[in-house]
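Commentary on secondary and tertiary structure
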Amino acid sequence: MKQLTNMNVQIVSDKQAGGKAGFQVFENALQNGAKVLGLATGSTPVTIYEQLVASDLDFSQLTSVNLDEYVGLSADHPQSYHYFMQQHLFNAKPFAHSYVPDGANLDAAAATSEYDQIIADNPIDLQLLGLGKNGHIGFNEPGTDPESTTHKVTLTASTIDANARFFDNADEVPRYAYSMGIGSILKAKQILIVAYGEAKAAAVAAMIQGPVTPDVPASYLQTHPNVTVILDEAAASQLD
Ligand code: GLP
């Protein structure tokens, strides 16, 4: 069996169990003094947020920094990632400060450098990640520079397609996003990446056991010293 690099891989029965396992990682981080939480959107983190909301953890002295946002959607747009975070976590568990890239700012140079400054001022203790079917993390599509900081991304057809389920149709999915870079993500002290389902199995195997390559942005997590991976059996099914 091939060595699973440095990653701590946990296999759970389903999303509910994954929510509990993910919650445990958050609780431990907070007990160890984490002050800045890097958060993610998508369907994968939802059960973790449910556990956080149901818990007695208090975020009112903490800061959150989100990975990404669609360009052109303001914070109150129902499909914006800002809105998603309010619905799934912030309304129930407010943080002292919550940052999400400003999708309403169409000046990409200003929006991205402002966000890099926020990350520099608030170094991330624990970064939560989902995984794209093509191996993307945040909105860092295949080919992204591993040292990238926050940048404007042109979404791939596969990502637009995957995210169309949240919109009335694929034409309404924004074509651009602001995303923390791979370099920004790798600066987090600890990383938790979660994936469920057969559709993620190839990306999971490439992330953990494949070469470290720009073709699979998540493969750069092999170079980070403190990564926990939570998978269900379907997502783990292509691992050796
Ligand atoms: C989007 C997000 C990612 C997320 C991915 C997977 O592209 N930008 O942060 O990880 O989708 O989403 P899901 O968890 O719904 O499968």
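To start, this report covers the structure provided alongside it. Source: prediction; values computed, not measured.

**Details of the environment of T150**
You can see T150 is positioned in the loop between β6 (126-129) and β7 (151-154). Note on T150: relative accessible area 6%, which makes it buried. Spatially, the C-alpha atom of T150 lies 9.7 Å from that of N140, the residues being 10 residues apart in sequence. Within the structure, the side chain of T150 is placed 2.7 Å from the side chain of D116, a separation counted as a polar contact.

**A few points about helix α4 (residues 108-121)**
Here α4 is 14 residues long and its end C-alpha atoms lie 20 Å apart, about the 20 Å a rise of 1.5 Å per residue gives. Listed as buried for α4 are A111, T112, Y115, I118 and I119. On an axial view of α4, the arc spanned by its buried residues comes to 115°, and they lie on one face. Structural note: α4 exposes A109, A120 and D121 on the side pointing more than 90 degrees away from its buried face.

**Some details on the sheet that holds β7**
Sheets are built from strands that pair by backbone hydrogen bonding, the pairs being arranged parallel or antiparallel. Spatially, β4-β8-β7 is the arrangement adopted by the 3 strands of the open sheet, whose pairing is antiparallel. In the strand order of this sheet, the two ends are held by β4 (68-70) and β7, each with one partner. Between one strand axis and the next, the sheet turns through 25° on average, direction left out of account. Taken together, the 4 bridges between β7 and strand β8 (residues 176-179) define a ladder with antiparallel strand orientation. Bridging across to β8, V153 finds its partner in A177.

**Structural notes on the packing of helix α2 (residues 46-54) against helix α3 (residues 81-90)**
Put simply, α2 and α3 touch, their axes get as near as 9 Å, and they point 45° apart. In terms of axis orientation, α2 runs oblique to α3. In this structure, α2 uses V46, Y49, L52 and V53 to contact α3, whose residues at the interface are F84, M85, H88 and L89. Taken together, the residues of the contact of α2 with α3 sort by class into 7 nonpolar, 1 polar and no charged.

**Looking at the pairing of strand β2 (residues 36-39)**
The two faces of β2 match: V36 and G38 on one face and L37 and L39 on the other face are all buried. Strand direction decides the pairing type here: β2 and strand β3 (residues 63-66), joined by 4 bridges, are parallel. Each residue of the ladder has a partner; that of G38, found in β3, is V65. With α2 bridging β2 and its parallel neighbour β3, the resulting β-α-β unit is right-handed. Pairing of β2 with β6, which is carried by 2 bridges, proceeds in the parallel orientation. Looking at β6, one finds that G38 is bridged to Q127.

**Some remarks on the packing of aromatic side chains**
Tallying each qualifying case throughout the model produces 6 aromatic pairs. Geometrically, the ring pair formed by Y70 and F139 is tilted, given 5.7 Å between the ring centres and 45° between the ring planes. Taken as a pair, Y70 in strand β4 and F139 in the loop between β6 and β7 lie far apart in primary sequence, 69 residues in all. F139 carries the same exposure label as Y70, and that label is buried. Consider the rings of Y81 and F139, whose centres lie 5.9 Å apart with planes at 15°: the pair is stacked. With Y81 in helix α3 and F139 in the loop between β6 and β7, this pair connects stretches of sequence that are 58 residues apart. With respect to burial, Y81 and F139 carry one shared label: buried. Ring pairs connect the aromatic residues Y70, Y81, F139 and F167, which therefore count as one cluster.

**What about the packing of helix α1 (residues 15-31) against α2?**
Axis separation between α1 and α2 bottoms out at 7 Å; the angle between their running directions is 60°. One way to sum up the angle between α1 and α2 is to call them oblique. Crossing handedness for the pair α1 and α2: right-handed. Facing α1, whose interface residues are K15, Q16, G18, G19, K20, G22, F23 and F26, α2 presents T47, I48, E50, Q51 and L52. The residue inventory of the contact of α1 with α2, partitioned by class, reads 4 nonpolar, 6 polar and 3 charged.

**Thoughts on the pattern of salt bridges**
Per the counting criterion, the structure on display carries 1 salt bridge. Between D125 and K189 there is a salt bridge; the shortest N-O distance is 2.6 Å. Linking D125 in the loop between α4 and β6 with K189 in the loop between α6 (182-186) and β9 (190-195), this pair joins segments that are 64 residues apart in sequence. Of the residues examined, D125 reaches a relative accessible area of 13% and is grouped as buried. A residue is classified by how much of its surface remains accessible, and K189, at 55% relative accessible area, is exposed.

Conventions and cut-offs
- Residues numbered from 1 in each chain as written.
- Predicted model: local features only at pLDDT ≥ 70, side-chain atom pairs only at ≥ 80, totals over all residues.
- Heavy atoms only, no water.
- Helix = DSSP H or I, 4+ residues; strand = E, 2+ residues; numbered from the N terminus.
- Buried < 20%, exposed > 50% of the residue type's maximum accessible area, 1.4 Å probe, protein only.
- Polar contact = N/O pair within 3.5 Å; in protein donor to acceptor, adjacent residues only side chain to side chain.
- Expected span 1.5 Å × (residues − 1).
- Arc of directions from axis to C-beta.
- Pairing = 2+ DSSP bridges.
- Axes fitted to C-alpha atoms, helices over the stretch in contact; angles between N-to-C directions.
- Parallel < 35°, antiparallel > 145°, perpendicular 65-115°, else oblique.
- Contact = heavy atoms within 4.5 Å.
- Nonpolar A, V, L, I, M, F, W, Y, C, P; charged D, E, K, R; others polar.
- Right-handed = clockwise from strand over helix to strand, strands pointing away.
- Phe/Tyr/Trp six-rings, centres within 6.5 Å; stacked < 30°, edge-to-face > 60°.
- Left-handed = near helix turned anticlockwise from the far one by under 90°.
- Salt bridge = Lys/Arg side-chain N within 4 Å of Asp/Glu carboxyl O.

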